[in-house]
Amino acid sequence: MMKGRIKIISSKNYKDIAYGGSIAAFLALVIYVMFFSGADWSLFKEQFLNFEKMEGRYHIFVSPLLLVLKISFYSCFWATAIGLSMAIIRNYNNMFLNGIITAYIVLFRSIPAMVLVVLVYFTLPYVGLNLVSTNSVIASLSLLFSAYTTEIFRSGINSVDRAQVDAAKSLGIGSLQSMRWVILPQALRVIIPPLTSVLIDILKTTSIAYVVGVPELIARARQMEGVIGSVTPLIFVSFLYFLIILPVVIFSSRLEKRSRRWSKS
Amino acid sequence: MDGAFDIDEIRYIFFNMQVMEGQWGLLFSGLWMTVKIAVVAIIASTALGLLVSILRLKGNAFTNALLIGYLEFCRATPIVVALIVVYFGLPFLNITFSPFQSAVIVIVFVHAAYIGEAFRSGILAINIAQSEAAQSLGLTQLQTYRYILVPQAFRIVLPTLSNQWTGIIKDTSICTILAITELLKAAQIVAAWKANPTPLVMSTLLYLLILIPLTIFTMKLERKAGLKK
Amino acid sequence: MTNEPQEKPILHIEGLNKYFDDLHILKSLTTTIHKGEVVAIMGPSGSGKSTFIRCINRIEEPTSGQIFFGDIEVTGPDNNISNIRRDIGMVFQNFALFPHLTALENIMLAPTKVKKKSKADAKETALALLKRVGLEDKASSYPEQLSGGQQQRVAIARSLAMDPKILLFDEPTSALDPEMVREVLDVMVSLAKDGMTMIVVSHEINFIKEASSRVLVLVDGEIIEDGPSNQVIENPSHQRTKEFLGKIL
């Protein structure tokens, strides 16, 4: 009896310490940054949130925003298409093709996005392939992320019970049709969450296009930063990234709910 | 160039060892910088991630909202943007970090959020009975974490963790936009100076030399975890 | 008029072998099945019954041997196996309904996608089939909302929708709770009475007595007994059959 009470009290104490500690730590951090870090907060407003200076300049972000969306769209499209095709090919269990696909996955999971984008953009012209910088980014992102989507589609396909494949076969449904009508609809539940995070990653990684001179959001923000002498454009751009990514998150959770419809009840 | 692929031509352009003569030193000092950023960032983000996950599990509504906000912020913010804000933006407020510090701060900040989420789902995956069993043996809550929950969670999150660590090493290359001579920057400097892409190819190979074994390791862990399910 | 006593068999299996690695599961099976026969396959677990029935439509790939379905060689390397499978229906132990589709959609899928029937046509047939298995009110239910017995009846309707010339049943009632066995067997008996050719892996002695004309007993991958149902059950010739029947009766 006594022992039990002591245990309860001690575990409660830890919780209180955790609560109190985390709040205190956060407040201490805020207070430190605000008053003791040497930061000047009127400067903060002027430099980081100076939207007066941005006025009349927002239209400058329209075309780079569209460009980012375009790069994202094509990269998502190709990454998904390549990933799905490779997962379907892998499903045929051909040793030779599987070896090639595995090598492809290992290579493109290993190479950093920044390195690939720089490599593609700066080396291809030497072999006479003059890709527009936008296209070299799209090509790089498609290659990189198809390595992930392949595995996502594959584990989705594998998650479907083998008996389902047998049942489809026994009805005379061919393998591609069974993929389309029986396996993929069921695999979608497993596929969608990780696929969404890949799509979000693609959206974020488009920012690397900045290094190869694509006139995208960050490049424009940095130009404007020079003109108006404030970091506000950059803060605005990170806000824009939020705005782009948010719908993807909402869309995916909807899709997830829809594909879960039949597993409820 | 007549469009035909001439093997000597390719060797001259992409694998030109004359270009590399005397330049390996710069490339390797770049590699050393990359390794330094990566090692510091991996250790710090794992420790911070563990702290975040425990705060998430033990926290109240206030800390939870804060930490979820932090996670969502990291999900939606490109590292390029964060790096520029920290390195080029903060000096406007008289807060100045060196390129190395900026690189580590941004990478740790972002990856700790993901690692924290991984640890949290790992701890949640452990049977609640384990925690009850441990406490019935008289272990305190801290001991339960130290000896029972964390080691088990570690095994569950190892695939995700190793994936994140690989991601950290890859993200060091983004720091090339700062005034810091890491591997990619070193390669770009030599490539521009010699007007030949061989250094870029060589740096890519160096990255792959480190990253391919890690990727294979990660994939093995993932497969093992997948089989267990 | 010899009234064609040697009508072309619907299924002829010649020297069928199946290995799983080193394990010899099916040992050179040979048998012939005629139109309208209802053949029950019995045998202890692990005797290869399921493997045998799954080899017939090559869901399981035979290691060697030949299978003829009418004039077509199922095991022929050039034949399009999907086309052959349309005419060989199969009902599985665990129903294997498609969980993302309603009962009606489950039945309509193959006719519309494989036979390219119109949606309206397929729906009409599917509703008639649901009525036949007594589930016309469950058309829009998802498999998870149905009991095991109902699911298995939908699965039977799904196979029937392709107008198969023969139906294979792989232990259709063994995953069911006892009180649901009867409703499935009733459907199977009525199919048998309508003259459907059926091969049924099952130990349901009532079904065998009531509906099947012939029993094969499979032990260790060999057919040790093959004869009319009454004879095999009442008066088996093989010692192993007696032991086995003694255990299940």
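See the structure printed just above.
Residues numbered from 1 in each chain as written. Chains lettered and ligands numbered in written order. Predicted model: local features only at pLDDT ≥ 70, side-chain atom pairs only at ≥ 80, totals over all residues. Heavy atoms only, no water.

### Observations regarding the overall build of chain C
Argument step 1. Helices and strands together make up the secondary structure of chain C, namely nine helices and ten strands.
Argument step 2. Rg of the C-alpha trace for chain C: 18 Å, near the compact-globule value of 18 Å for 249 residues, within the 12% margin.
Argument step 3. Structurally, chain C occupies a C-alpha span of about 50 × 50 × 45 Å along its principal axes.
Argument step 4. Counting over 249 residues, chain C shows a buried share of 55%.
Argument step 5. Look at the contacts in chain C between residues 6 or more apart in sequence, and 65% of them connect residues 24 or more apart. (Helix = DSSP H or I, 4+ residues; strand = E, 2+ residues; numbered from the N terminus. Rg over C-alpha atoms; globule rule 2.2 N^0.38 Å. Buried < 20%, exposed > 50% of the residue type's maximum accessible area, 1.4 Å probe, protein only. Contact = heavy atoms within 4.5 Å.)

### Focus: the overall build of chain B
Argument step 1. Each helix and strand in chain B was counted, giving ten helices and zero strands.
Argument step 2. Taken from the N to the C terminus, the helices and strands of chain B come in the order α-α-α-α-α-α-α-α-α-α.
Argument step 3. The C-alpha radius of gyration computed for chain B amounts to 22 Å, which surpasses the reference 17 Å derived for 229 residues by more than 25%, pointing to a less compact arrangement than a globule.
Argument step 4. Counting only C-alpha atoms, chain B reaches 75 × 50 × 30 Å along its principal axes.
Argument step 5. Accessible area of chain B: about 11,000 Å², with a carbon and sulfur share of 68%.
Argument step 6. For chain B, the distance from the average site of its 16 positive side-chain charges to the average site of its 11 negative ones is 16 Å. (Areas by Shrake-Rupley, 256 points an atom, 1.4 Å probe, with all protein chains shown as cover. Lys, Arg positive; Asp, Glu negative; His and termini not counted. Charge placed at Lys NZ, Arg CZ, Asp CG, Glu CD.)

### So, unusual backbone geometry
Residues and elements named next belong to chain C.
Argument step 1. Unlike most non-glycine residues, aspartate 21 shows phi in positive territory, near 55°.
Argument step 2. In the Ramachandran plot, alanine 96 falls in the positive-phi region, its phi being about 50° despite a non-glycine side chain.
Argument step 3. Relative to the assigned elements, alanine 96 resides in the loop between strand S6 (88–91) and helix H3 (103–113).
Argument step 4. The buried category is assigned to alanine 96, whose relative accessible area is 6%.

### Structural notes on the pairing of strand S8 (residues 197–201) of chain C
Residue and element names in this part refer to chain C.
Argument step 1. Burial within S8 is extensive, with five of its five residues counted as buried.
Argument step 2. A two-sided burial pattern is seen for S8, the buried positions comprising Thr197, Ile199 and Val201 on one face and Met198 and Val200 on the other.
Argument step 3. Examined bridge by bridge, strand S3 (residues 38–42) and S8 share four bridges and lie parallel to one another. If you follow valine 39 over to S8, its bridge partner there is isoleucine 199. (Pairing = 2+ DSSP bridges.)

### Observations concerning the pattern of salt bridges
Argument step 1. Per the counting criterion, the structure on display carries 21 salt bridges over all chains.
Argument step 2. The closest approach of N and O atoms between Asp166(A) and Arg54(C), which form a salt bridge, is 2.9 Å. On the criterion of chain membership, the pair formed by Asp166(A) in helix H8 (residues 162–170) and Arg54(C) in helix H1 (residues 49–56) is interchain, its members lying in two chains. Arg54(C) carries the same exposure label as Asp166(A), and that label is buried.
Argument step 3. Residues joined by salt bridges that share partners form a network here, namely Arg162(A), Asp166(A), Arg54(C) and Glu60(C). (Salt bridge = Lys/Arg side-chain N within 4 Å of Asp/Glu carboxyl O.)

### A look at the interface of chain B and chain A
Interface extent is often summarised as the accessible area lost during association of the parts.
Argument step 1. Taken together, the contact between chain B and chain A spans 58 residues of the former and 52 residues of the latter.
Argument step 2. For the pair chain B and chain A, the summed buried area comes to about 4,800 Å², and 74% of that belongs to carbon and sulfur atoms.
Argument step 3. The largest per-residue losses of area from chain B upon contact with chain A belong to Phe92(B), Leu93(B) and Lys170(B), which jointly make up 13% of the total buried on that side.
Argument step 4. Here chain B and chain A share one salt bridge between them.
Argument step 5. Between Arg109(A) and Glu222(B) there is a salt bridge, with the nearest N and O atoms lying 3.1 Å from each other.
Argument step 6. The tally of links between chain B and chain A comes to eight residue pairs in polar contact (both at pLDDT 80 or more).
Argument step 7. Mapped onto the side of chain B that touches chain A, the elements with two or more residues apiece are helix H1 (7–14), helix H3 (24–58), helix H4 (61–76), helix H5 (79–89), helix H7 (128–136), helix H8 (141–171), helix H9 (183–194) and helix H10 (198–228) of chain B.
Argument step 8. If you tally residues by element for the side of chain B that touches chain A, the top one is H10(B), at 13 residues.
Argument step 9. Residue composition of the side of chain B that touches chain A, by class: 35 nonpolar, 17 polar and six charged. (Buried area = accessible area lost by both parts, 1.4 Å probe. Polar contact = N/O pair within 3.5 Å; in protein donor to acceptor, adjacent residues only side chain to side chain. Nonpolar A, V, L, I, M, F, W, Y, C, P; charged D, E, K, R; others polar.)

### Description of the environment of Val39(C)
Residue and element names in this part refer to chain C.
Argument step 1. Position of valine 39 relative to the elements: it lies in strand S3.
Argument step 2. With 174 residues separating them along the chain, valine 39 and serine 213 place their C-alpha atoms 6.2 Å apart.
Argument step 3. In this structure valine 39 touches Ile33, Met198, Ile199, Val200, Arg214 and Leu216, once residues within four positions along its chain are discounted.

### Brief notes about the state of the cysteines
All names here are of chain B.
Argument step 1. Under the defined criterion, the tally for this structure stands at zero disulfides over all chains.
Argument step 2. Here cysteine 175 stays unpaired: no disulfide links it, and the sulfur of cysteine 74, its closest cysteine neighbor, is 15 Å away.
Argument step 3. Under the relative-accessibility criterion, cysteine 175 is labelled buried at 0%. (Disulfide = S-S within 2.5 Å.)

### Some remarks on the arrangement of the chains
Argument step 1. Across the two pairs of chains in contact, the largest number of contacts is found between chains A and B.
Argument step 2. One thing to see here is that chain B and chain C don't touch, and their nearest C-alpha atoms sit 21 Å from each other.

### Considering H4(B)
Argument step 1. Between the first and last C-alpha of H4(B) there are 22 Å, a value that for 16 residues agrees with the 22 Å anticipated at 1.5 Å per step.
Argument step 2. When we look at burial in H4(B), the residues that qualify are Thr63(B), Leu67(B), Tyr70(B), Leu71(B), Cys74(B) and Ala76(B). (Expected span 1.5 Å × (residues − 1).)

### Observations regarding the environment of Ala112(B)
All names here are of chain B.
Argument step 1. Note that alanine 112 resides in helix H6 (residues 99–125).
Argument step 2. When the C-alpha atoms of alanine 112 and serine 29 are compared, they prove to be 27 Å apart, with 83 residues separating the residues in sequence.
Argument step 3. Once you skip the residues sitting within four places of it in the chain, alanine 112 turns out to touch Ser45, Leu48, Gly49 and Tyr70.

### Quick notes on empty space enclosed by the protein
Residues and elements named next belong to chain B.
Argument step 1. Tallied over the full model, the rule gives two cavities of 30 Å³ or more.
Argument step 2. Around the second largest cavity sit Val52, Arg56, Leu67, Tyr70, Leu71, Ala113, Gly116 and Glu117, which together line it.
Argument step 3. When contributions to the lining of the second largest cavity are tallied by element, the ones reaching two or more residues are H3, H4 and H6.
Argument step 4. Tallied by class, residues from the lining of the second largest cavity come to five nonpolar, one polar and two charged. (1 Å grid on protein atoms, 1.4 Å probe; cavity = no way out; pocket = protein on both sides within 12 Å on 5 of 7 lines; lining within 4 Å. Points joined across faces, edges and corners; volume = space filled by probe spheres on them.)

### Observations concerning a nonpolar patch on the surface
Residues and elements named next belong to chain B.
Argument step 1. Together, Trp32, Val35, Val39, Ile43, Leu209 and Ile210 give the surface a local cluster of nonpolar side chains, amounting to about 580 Å² of exposed area.
Argument step 2. Breaking the nonpolar patch down by element, the ones donating at least two residues are H3 and H10.
Argument step 3. Among the elements that make up the nonpolar patch, the one with the highest residue count is H3 (four residues). (Patch = residues over 30% accessible without salt bridge, like charges linked within 9 Å, V, L, I, M, F, W, Y side chains within 5 Å.)

### Some points on the sheet that holds strand S4 (residues 64–69) of chain C
Paired through their backbone hydrogen bonds, the strands of a sheet run either parallel or antiparallel.
Residue and element names in this part refer to chain C.
Argument step 1. Ordered in space as S2-S1-S4-S5, the four strands form an open sheet in which the pairing is antiparallel. Every interior strand has two partners, whereas the edge strands, strand S2 (23–33) and strand S5 (72–73), have only one.
Argument step 2. Across the face of the sheet, H1 comes into contact with strand S1 (11–20), S2 and S4 while running at roughly 120° to S1. (Axes fitted to C-alpha atoms, helices over the stretch in contact; angles between N-to-C directions.)

### Describing the interface of chain C and chain A
Argument step 1. Counting from both sides, the interface comprises 25 residues of chain C and, opposite them, 21 residues of chain A.
Argument step 2. Across the chain C to chain A interface the summed buried area is about 2,000 Å²; carbon plus sulfur atoms make up 61%.
Argument step 3. The tally of links between chain C and chain A comes to one salt bridge.
Argument step 4. Joining chain C to chain A, the criterion identifies four residue pairs in polar contact (both at pLDDT 80 or more).
Argument step 5. Within the residue set of the side of chain C that touches chain A, elements represented by two or more residues are helix H2 (81–85), S6, H3 and helix H5 (148–160) of chain C.
Argument step 6. Broken down by element, the residue count for the side of chain C that touches chain A peaks at three residues, all from H3(C).
Argument step 7. Taken together, the residues of the side of chain C that touches chain A sort by class into 13 nonpolar, five polar and seven charged.

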